[in-house]
Amino acid sequence: MSYDEKTNGQMDAIIARYPRSRSAIMPMLHLIQSRDGFVTPTGIEFISEKLGLTTAEVYAVATFYSQYKRKPVGEYHVGVCTNTLCAVMGGDAIFAGLKDHLGVGNDEVTNDGKISVEHIECNAACDYAPVVMVNWEFFDNQTVESAKTLVDDLRSGKNPAPTRGANKVSTFKETSELLAGFNDGHAEEGVQAGPATLLGLKIAKEMGAQL
Amino acid sequence: MSKLTPVLSAHWDDKDSFTIAGYSRHGGYSSFKKALAMEPDAVIQIVKDSGLRGRGGAGFPTGTKWGFIPQGDNREHYFVVNADESEPGTCKDTPLLMANPHVLIEGIIIGSYAVRANHAFIYIRGEVSHVVRRLLQAIEDAYKAGFLGKNILGTGFNLELTLHIGAGAYICGEETALLDSLEGFRGQPRLRPPFPAIAGLYARPTVVNNVESVASVPAIIEKGAEWFSSMGSEKSKGFTLYSLSGHVKNPGQFEAPLGITLRELIDLAGGIRNGNKLKFWTPGGSSTPILTSEHLDIPLDYESVDAAGSMLGTKALQIFDETTCILRAVLRWTEFYKHESCGKCTPCREGTWWLVQMLGNLENGVGTEEDLAKLLDICENIGGRSFCALADGAIAPIISSLKYFRDDYLAHFKNGGCPIDPVASTLFVSAKVGA
Ligand SMILES: Cc1cc2nc3c(=O)[nH]c(=O)nc-3n(C[C@H](O)[C@H](O)[C@H](O)COP(=O)(O)O)c2cc1C
Ligand code: SF4
Ligand code: FES
């Protein structure tokens, strides 16, 4: 197989996390995406050999989950929340605006390979609606204009900081390694909480709560 | 006015609230030491006495769930935390974990000790990079401090904690689908019984609890069951996180005793934006039937919201004002359920597909009153006839919106399409008005 020693070692480290090896499939698939940019047939074969499963068994899992991609995505994968609350608050307009601005459809990549865009479901940030995710980092309270600026900046290499996240957005491959469970050392960066998260606490303190 | 009671959120405004030092500064990591000095059953008893009920949606008593784990059975036990948080509108566990992952870890140590588990898992959704980082770091730091691993602080108790990162599937929040996913399969629900307490992860006795439930435990151990049960209402004890989103002036998280009303919460959130009127809201995510301005004064606890024909669910209060088209909202939620249906059973897999088709036509003004009856008929053939509760959630917005907003459906036919301008409902509009 065509994976280097480091990848092999990481695969073994993943398997060691679990009482039974089959549980390692999901992080292994994330790790394949960190090397290949998506779930490749080579990756599937590699996992099936490592775990003693058929490739069909691994495919069955890979195709169930929406974060596993079957074709390359952009270096920056942009998800626009268009579940009801965000949609109503502007997510629909943002999604339409971005597709138009980038000249791509849902789940398509720009010609330079930099940006792909996809509409996503509720990302647990409704109090910051409308929400845009870039490689699963939060960009809160977006507008059509701010979202266009965001993708322009990403394309030109400016790399803007997420609203609540690390100092800069990692690439899709770097993010996939994180999602395979490997700490990238950026946990200390960024805020501990955004203003909406702190609102109740702030009011409680103003009302004289003793904490 | 009911007072807010920040406990979980009390120190989220410290810049380093997510570090071990920040958590320890306010007494963090002292309750588990207290718990580890007790008999495990005594810990379960305190949690039972506190009246804590699961915060993942169903409100099952946490101590009782722990008590179901068979003891002396010479098999491994597992403690699994559900951090999948994907129910539309739900946005409490994610900010909690970003601001303070250590309180969850401390709760896990206590819970695992109580049910005699030596391996715990956190199943987190994969779409939250920074929360994943914070959790990975917190787990590493807890190991380094000797709070996890072998012979924790010389007590003889061993606990491994593994973060399992999902990959995008709402159904994996359903506890048995979660377990299948964690075992390395497609995330599809299992037949119950057997319940996870008897045959859960790897067919071993397993507790599955929501993040907020587990994170509430350290404070209960520290301050006592009575302290906790002195808050809240008769059968819904304690404090909880209410998440207000949508058309309020200031959306956000509010930690309050169970039983606070939406009127009080909206007031704290600065009212409905631009002086608009409340149209509809969800008490606990999109799977809980919508309510209207008639229901502003019902106590937001398990019993009262049930009595009003809905469910407290995850306390995800999504607020929509009069600028919102109910059909558009319901159609979008239905598309969500169609997309997230795991495909295991026919009524849900096929039914959600039909519902989307029908609602799409209705939104475009194509349909008659008879179609509304047909819509309800399809819903009745899905609800209660499917394999898991996702399907019941899928029909909740449709049935409840037809109950309160039938005229809005009819207006679409009369108008030959949606009579409401979608721009009026956006955040950009309120920004312009300067709300
Ligand atoms: C479709 C579906 C999705 C669910 N999603 C979640 C979730 O994201 N987080 C959660 O804690 N519980 C979720 N639940 C509820 C869990 O099945 C389970 O009841 C809960 O995790 C138990 O924890 P608790 O007793 O602490 O509330 C979901 C249930 C269903 C039917
Ligand atoms: S009700 Fe839907 S989500 Fe649940 S098992 Fe059936 S198909 Fe899957
Ligand atoms: S609806 Fe967009 S984050 Fe919840």
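Residues numbered from 1 in each chain as written. Chains lettered and ligands numbered in written order. Predicted model: local features only at pLDDT ≥ 70, side-chain atom pairs only at ≥ 80, totals over all residues. Heavy atoms only, no water.

Colleague: How would you sum up the side chain of S176 of chain A? Please name residues and give values.
Modeller: All names here are of chain A. For S176, the position within the fold is in helix α7 (residues 172-179). With a relative accessible area of 3%, S176 lands in the buried category. In this view, S176 contacts H30, L31, Q33 and S34; residues no more than four positions away in its chain are not counted. (Helix = DSSP H or I, 4+ residues; strand = E, 2+ residues; numbered from the N terminus. Buried < 20%, exposed > 50% of the residue type's maximum accessible area, 1.4 Å probe, protein only. Contact = heavy atoms within 4.5 Å.)

Colleague: Outline the sheet that holds strand β4 (residues 132-134) of chain A, listing residues and values.
Modeller: All names here are of chain A. Taken in spatial order, the 5 strands line up as β2-β3-β1-β4-β5 in an open sheet, and their pairing is mixed. On the outer flanks of this sheet lie β2 (108-109) and β5 (137-139), each paired with one strand and no other. The sheet contact formed by strand β1 (residues 76-81) and β4 spans 3 bridges and is antiparallel. Within β4, the residue paired with G79 across the bridge is M133. Sitting on the sheet, helix α5 (residues 84-102) is in contact with β1, β3 (115-120) and β4, with an inclination near 145 degrees to β1. (Pairing = 2+ DSSP bridges. Axes fitted to C-alpha atoms, helices over the stretch in contact; angles between N-to-C directions.)

Colleague: Can you tell me about the packing of helix α1 (residues 5-16) of chain A against helix α2 (residues 25-36) of chain A, naming the residues and giving the values?
Modeller: Residues and elements named next belong to chain A. Axis separation between α1 and α2 bottoms out at 10 Å; the angle between their running directions is 160 degrees. By the angle between their directions, the pair α1 and α2 is classed as roughly antiparallel. Judged by the sense of rotation from one axis to the other, the crossing of α1 with α2 is right-handed. Listed contacts from α2 to K6, T7, Q10, M11, I14 and I15 of α1 are P27, M28, L31, I32 and R35. Here the residues of the contact of α1 with α2 sort into 7 nonpolar, 2 polar and 2 charged. (Parallel < 35°, antiparallel > 145°, perpendicular 65-115°, else oblique. Left-handed = near helix turned anticlockwise from the far one by under 90°. Nonpolar A, V, L, I, M, F, W, Y, C, P; charged D, E, K, R; others polar.)

Colleague: I'd love a proper account of the pattern of salt bridges, names of residues and values included.
Modeller: This model, assessed by the stated rule, comprises 38 salt bridges over all chains. Note that D153 of chain A and K158 of chain A form a salt bridge whose closest N and O atoms lie 3.5 Å from each other. Here E212 of chain B ties to K315 of chain B by a salt bridge, and the two come within 2.7 Å at their closest N and O atoms. A residue pair is termed long-range when its members are at least 10 positions apart, and E212 of chain B in helix α9 (residues 211-215) and K315 of chain B in the loop between α13 (302-307) and β9 (316-321) qualify at 103 residues. Because the salt bridges share partners, they merge into one network encompassing R55, K92, D93, E212 and K315 of chain B. (Salt bridge = Lys/Arg side-chain N within 4 Å of Asp/Glu carboxyl O.)

Colleague: Can you tell me about the interface of chain B and chain A, naming the residues and giving the values?
Modeller: Across the boundary between the two partners, chain B contributes 85 residues, which contact 78 residues of chain A. Summing both sides of the interface, chain B and chain A together bury roughly 6500 Å²; the carbon and sulfur share of this comes to 61%. Scanning the region where chain B abuts chain A turns up 5 salt bridges. With a closest N to O distance of 2.9 Å, R133 of chain B and D184 of chain A form a salt bridge. When residues in the side of chain B that touches chain A are grouped by element, the largest group, 8 residues, is from helix α7 (residues 129-144) of chain B. Looking at the side of chain B that touches chain A residue by residue, the class counts come to 38 nonpolar, 30 polar and 17 charged. (Buried area = accessible area lost by both parts, 1.4 Å probe.)

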